[in-house]
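Single-letter residue listing:
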Amino acid sequence: MVTKAVVTKADTFRALHRRPDPAEPLILPGPWDAASARALVDAGFPALATPSAGVAASLGYEDGETPADEVFAAVARIVRAVDVPVSADVEDGYGLAPKELVERLLETGAVGCNLEDSGAGVLKDPHAHAEWLAEVRAAAGDRLFINARVDTFLQGVMDPERAIERAALYVAAGADCVYPIAAPLDVLPLLRAGIEGPINAFARLDGAGPSRAELTQLTELAELTELGSRGATRITFGPGLQRRAAAALRDIAAGLRK
């Protein structure tokens, strides 16, 4: 008797990163609550990736200040609302031990996570962070897709080799994807050539992206996709969608007062 393999949402999410055409990146929009998640799925997106800043804003917090319990609860609500894979931005892991972090992520139903290599504006030691990522991978097995964020450009370290060195450590530790956030557009081909596996890039939405000065070099979706196979494997938007929606609501509200 042949046993049929069970394809999980984690398997589906991982397969989405193996692009039939390397020149066409995976587009992962970021929901901040259940309603926005449903809207994005109704638009046809096959997977979603929550942004920490967007979720924080929806809960009344500044980015980086949301209590872990509230983040996990918000992610669980998003996952319950849709039938596509959801990856969760859990910043730098909230100080949780790898096993507990994995358990709490899996309890939400998320199939992936975004993990940063800086905290309080300071880059972490890359070797120590790689060891921590390896523990996360060991605890998760193949149940989570790990997107390891590289914050060198964000923290003003503009030498691409520093990002590539960190990326190599994180991939060796088991990361499925590397996210050199704030990498300048003209550096992406070098990063694509020097980093093994998928690369995540950030796209602004007509100026609706993060307001921090470090992100001013980020480019928009059209420019990223024009790079084709020399650019990102997948593209996310951070809190851009949530901020665009909030701006639209402010405009509607202003009109109601006229």
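Bear in mind that the values here come from a model prediction, so they are computed numbers and not experimental data.

Participant: Before we move on, can you summarise the side chain of Ser-36 with the specific residues and values?
Facilitator: Residue placement: Ser-36 occurs in helix α2 (residues 34–42). We classify Ser-36 as buried; its relative accessible area is 8%. A distance of 3.0 Å separates a polar side-chain atom of Ser-36 from the backbone nitrogen of Trp-32.

Participant: So what's going on with the sheet that holds strand β8 (residues 177–180)? Residues and values would help.
Facilitator: In spatial order, the strands read β2-β3-β4-β7-β8; together these five strands make up an open sheet with parallel pairing. Each having just a single partner strand, β2 (48–49) and β8 make up the two edges of the open sheet. Judged from the four bridges that link them, strand β7 (residues 145–150) and β8 form a sheet pairing that is parallel. Of the residues in β8, the one forming a bridge with Asn-147 is Cys-177. Across the sheet, helix α7 (residues 160–172) touches β7 and β8, and the angle it forms with β7 is around 155 degrees.

Participant: How would you sum up the packing of aromatic side chains? Please name residues and give values.
Facilitator: Enumeration over the complete set of coordinates arrives at two aromatic pairs. Both rings, one in Phe-13 and one in Phe-145, keep their centres 5.2 Å apart while their planes meet at 85 degrees; by these two values the pair is edge-to-face. With Phe-13 in helix α1 (residues 9–16) and Phe-145 in strand β7, this residue pair connects regions lying 132 residues apart in the sequence. Both residues of the pair, Phe-13 and Phe-145, count as buried. Relative to Tyr-94, the ring of Phe-72 lies with its centre 6.0 Å away and its plane at 80 degrees, an arrangement referred to as edge-to-face. Within this pair, whereas Phe-72 is found in helix α4 (residues 68–81), its partner Tyr-94 is found in the loop between β3 (86–89) and α5 (98–108), the two being separated by 22 residues in sequence.

Participant: Help me get a handle on unusual backbone geometry, residues and values and all.
Facilitator: In this structure, Ala-120 is a non-glycine residue whose phi angle is positive, near 55 degrees. The class of Ala-120 is exposed, set by a relative accessible area of 86%. The backbone phi angle of Ala-182 is positive, close to 70 degrees, even though this residue is not glycine. Counting through the fold element by element, Ala-182 comes out in the loop between β8 and α8 (188–194).

Participant: Lay out the pairing of strand β9 (residues 200–204) with the relevant residues and their values.
Facilitator: In the case of a regular strand, side chains alternate between the two sheet surfaces. Most of β9 sits out of view: four of its five residues are buried. As judged from the three bridges shared by β9 and strand β11 (residues 234–236), these two strands associate in the parallel manner. Each bridged residue has a counterpart across the sheet, and for Phe-202 the counterpart in β11 is Thr-236.

Participant: Go over the pairing of β8 with me, naming the residues and quoting the values.
Facilitator: With burial as the criterion, each face of β8 is covered, one bearing Cys-177 and Tyr-179 and the other bearing Val-178 and Pro-180. Read as a crossover between parallel neighbours, the route from β7 over α7 to β8 is right-handed.

Participant: Can you tell me about the environment of Tyr-61, naming the residues and giving the values?
Facilitator: Tracing the sequence through the fold places Tyr-61 in the loop between α3 (52–59) and α4. Exposure remark for Tyr-61: the relative accessible area of 27% places this residue in the partly exposed category. The residues touching Tyr-61, leaving out its near neighbours within four places in the chain, are Ala-56, Thr-66, Pro-67 and Glu-70. Within the structure, Tyr-61 has its side chain in polar contact with the side chain of Glu-70 (distance 2.5 Å).

Participant: Just give me the short version of the pattern of salt bridges, but keep the residues and values in it.
Facilitator: For the structure on display, the rule yields 10 salt bridges. The closest approach of N and O atoms between Arg-162 and Glu-165, which form a salt bridge, is 2.4 Å. With Arg-162 and Glu-165 both in helix α7, this residue pair falls three residues apart, about one helical turn. A single network of salt bridges, built from pairs that share partners, joins Arg-14, Arg-137 and Asp-176.

Calculation notes
- Residues numbered from 1 in each chain as written.
- Predicted model: local features only at pLDDT ≥ 70, side-chain atom pairs only at ≥ 80, totals over all residues.
- Heavy atoms only, no water.
- Helix = DSSP H or I, 4+ residues; strand = E, 2+ residues; numbered from the N terminus.
- Buried < 20%, exposed > 50% of the residue type's maximum accessible area, 1.4 Å probe, protein only.
- Polar contact = N/O pair within 3.5 Å; in protein donor to acceptor, adjacent residues only side chain to side chain.
- Pairing = 2+ DSSP bridges.
- Contact = heavy atoms within 4.5 Å.
- Axes fitted to C-alpha atoms, helices over the stretch in contact; angles between N-to-C directions.
- Phe/Tyr/Trp six-rings, centres within 6.5 Å; stacked < 30°, edge-to-face > 60°.
- Right-handed = clockwise from strand over helix to strand, strands pointing away.
- Salt bridge = Lys/Arg side-chain N within 4 Å of Asp/Glu carboxyl O.

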